[in-house]
Amino acid sequence: MFSLFRKRTADNEPPLKKRVEKMKCRKINFVDDDLDKLCADMKTDCKALMRLKPVNYYAIKNSYIMGMLYSEEDFSENFIQLLHFEGERQTGKSDIFPVDTDTAVKLLAKVGIMIDLKKIQKK
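If you're wondering where the values come from, they're calculated on a predicted model, not measured in any experiment.

## Thoughts on the overall build of the protein
Phase 1: Counting its regular elements, the protein contains four helices and four strands.
Phase 2: Tracing the protein from N to C terminus, the helices and strands come up as α-β-α-β-β-β-α-α.
Phase 3: Looking at the 123 residues of the protein, the share that counts as buried comes to 35%.
Phase 4: Considering only residue pairs separated by 6 or more positions, the protein has 56% of its internal contacts joining residues 24 or more positions apart.
Phase 5: Only carbon and sulfur atoms are counted for the fraction: they give 52% of the accessible area of the protein, which is about 8,600 Å².

## Things to note about the nonpolar core
Phase 1: Counting 22 residues, the largest nonpolar core has Leu 38, Met 42, Leu 49, Ile 80 and Leu 82 as the members making the most contacts within it.
Phase 2: Elements supplying a minimum of two residues to this core: strand 1 (24-31), helix 2 (35-44), strand 2 (63-71), strand 3 (78-86), strand 4 (89-99) and helix 3 (101-110).
Phase 3: Setting aside chain neighbours within four positions, we find Met 42 in contact with Ala 48, Leu 49, Ile 80 and Phe 97.
Phase 4: If you look at the next biggest cluster of nonpolar residues, it comprises eleven residues, including Tyr 64, Met 66, Tyr 70 and Ile 96.

## Focus on the packing of aromatic side chains
Phase 1: Under the defined criterion, the tally for this structure stands at one aromatic pair.
Phase 2: Taking 5.3 Å as the distance between ring centres and 15° as the angle between the ring planes, the aromatic pair formed by Tyr 64 and Phe 85 counts as stacked. You can see Tyr 64 sitting in strand 2 and its partner Phe 85 sitting in strand 3, a full 21 residues away along the chain.

## Quick word on the confidence of the model for the protein
Phase 1: Per-residue confidence for the protein gives a mean pLDDT of 85; residues scoring 70 or more make up 88%.
Phase 2: Strand 3 holds the highest mean pLDDT among the elements of the protein, 94, whereas helix 4 (residues 117-122) holds the lowest, 75.

## Here we look at the side chain of Ser 71
Phase 1: Its location among the elements puts Ser 71 in strand 2.
Phase 2: Among the residues examined, Ser 71 registers a relative accessible area of 2% and is labelled buried.
Phase 3: Within polar-contact distance, the side chain of Ser 71 engages the side chain of Asn 78 at 2.9 Å.
Phase 4: Once residues lying within four places of it in the same chain are set aside, the contact partners of Ser 71 are Met 23, Lys 24, Arg 26, Glu 77 and Asn 78.

About the thresholds
- Throughout this document, residue positions are counted from 1 along each chain, in the order its sequence is written.
- Whole-chain, interface and lining totals are the exception, using all residues; otherwise, since this is a predicted model, local features are given only for residues with pLDDT of at least 70 and side-chain atom pairs are given and counted only at 80 or more.
- Hydrogens are left out, water is left out, and the side-chain values use all remaining heavy atoms of the structure.
- Starting at the N terminus, helices and strands are each numbered in turn, a helix being any DSSP run of H or I of at least four residues and a strand any DSSP run of E of at least two.
- To sort residues, take the accessible area from a 1.4 Å probe on protein chains only and compare it with the maximum for the residue type: under 20% means buried, over 50% means exposed, and anything in between is partly exposed.
- Should any heavy atoms of two residues lie within 4.5 Å, those residues are considered in contact.
- The accessible surface values rely on the Shrake-Rupley method and a 1.4 Å probe; as for residues, cover is taken only from the protein chains in view.
- The nonpolar core is taken to be a set of buried Ala, Val, Leu, Ile, Met, Phe, Trp, Tyr and Cys residues, with the residues joined through side-chain atoms within 4.5 Å.
- Aromatic pairs are defined between Phe, Tyr and Trp rings, using the six-membered ring for Trp, whenever the two ring centres lie within 6.5 Å; interplanar angles under 30 degrees are classed as stacked, those over 60 as edge-to-face, and all others as tilted.
- One number per residue, pLDDT, summarises how confident the predictor is, and it ranges from 0 to 100.
- The definition of a polar contact used here is a pair of N or O atoms within 3.5 Å, where within protein one atom must be able to donate a hydrogen and the other to accept one, and adjacent residues in sequence count solely through side-chain atom pairs.

This is the structure we're talking about:
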């Protein structure tokens, strides 16, 4: 009976969740779109992210999608989790999807973060 009130420990988390927590996270806000359709498209091709448009920084964001992009330092491995917000309240959450390096770099370039892969991969 008392097991109902126990806090969830780190041991119960899925291995992918543990892995992305160690990666660098960048939050990107996108104009609202159909999250369910986007998630269905992401299961087949990660390039579905490229149809999203970044939110104007100065605009009022009533509803938007926040992309939590997790990356290794050299961008060899990338993952994204999408969160849907309406009125500053989270109303939806996706699974964690793998993203190829090229798509991750292009996604960051949309919001002004330029990544020089050749320079990073030489290190």
